[in-house]
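# Architecture and fold: a report
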Amino acid sequence: MKRSAKAVWNGSVTEGSGTLTTQSTVLDNTQYSFKSRFEEGVGTNPEELLAAAHAGCFTMKTSGLLGEAGYTAEKLETDCKIVFEGGKVVRSELSLTAKIPSITDEEFQKIAKEAEETCPISVSFSFEKVLVSAVLVE
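What comes next concerns the included structure. (Residues numbered from 1 in each chain as written. Predicted model: local features only at pLDDT ≥ 70, side-chain atom pairs only at ≥ 80, totals over all residues. Heavy atoms only, no water.)

## A closer look at unusual backbone geometry
One can expect most non-glycine residues to show negative phi and most peptide bonds to be in trans. Put simply, the rule reads: For helices the rule is a DSSP run of H or I covering at least 4 residues; for strands it is a run of E covering at least 2, with both sets numbered from the N terminus onward. Exposure is judged per residue with a 1.4 Å probe applied to protein chains only, and the accessible area is read against the type maximum: over 50% gives exposed, under 20% gives buried, and values in between give partly exposed.
Its identity as a non-glycine residue notwithstanding, Thr25 has a phi of 65°, on the positive side. Structurally, the position occupied by Thr25 is in the loop between strand E2 (17-22) and strand E3 (30-33). Given a relative accessible area of 46%, Thr25 falls into the partly exposed group. Phi at Ser102 takes a positive value of approximately 70°, unusual for a residue other than glycine. Along the chain, Ser102 turns up in the loop between strand E5 (88-99) and helix H3 (105-118).

Structure representation (structure tokens):
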């Protein structure tokens, strides 16, 4: 399987701007700029997109592992914060809240840890650290 996206940039890094388009066109000439990346400008940025990718991948991996263990989640919700320091992404912080009937917290924590260690986005990047906080709610 291959997925693709295209970036187009015009101008200098601080005054220019660009667009991002994905194969699916979910992003279709979506604006990004220095301001949307490092300030509060309109548009997206690579770190936000990485956060969405990591949250989505980790959540799907957790769902798959739950299924293998005989559980079906009513709801899995993951918030991801990407930490960019010193010119590189140094950490991904995943915060998972889950509603899963009949699972113990011990089993849930084990599955969340395995998802952290094996989701394709986690293993594709050399984050200095991936932090996961997993909370099971009733």
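## Thoughts on the layout of surface pockets
Empty pockets left among the atoms are what a rolling probe the size of a water molecule brings to light. The criterion, for reference: With a 1 Å grid spanning the protein atoms alone, the term cavity applies to any set of points in which a 1.4 Å probe fits but cannot get out, the term pocket to an open set with protein on both sides within 12 Å along at least five of seven lines, and the term lining residue to any residue with an atom within 4 Å of a point. Grid points are joined across faces, edges and corners, and a volume is the space filled by probe spheres set on the points. Gly falls in the polar group here, along with every residue not listed as nonpolar (Ala, Val, Leu, Ile, Met, Phe, Trp, Tyr, Cys, Pro) or charged (Asp, Glu, Lys, Arg).
By volume, the largest pocket amounts to about 490 Å³. Lining of the largest pocket is provided by 13 residues; of these, Arg3, Ser4, Ala5, Thr22 and Gln23 occupy positions nearest its centre. Of all the secondary-structure elements, those providing two or more residues to the lining of the largest pocket are strand E1 (5-10) and E2. Across the lining of the largest pocket, the residue classes break down as six nonpolar, five polar and two charged.

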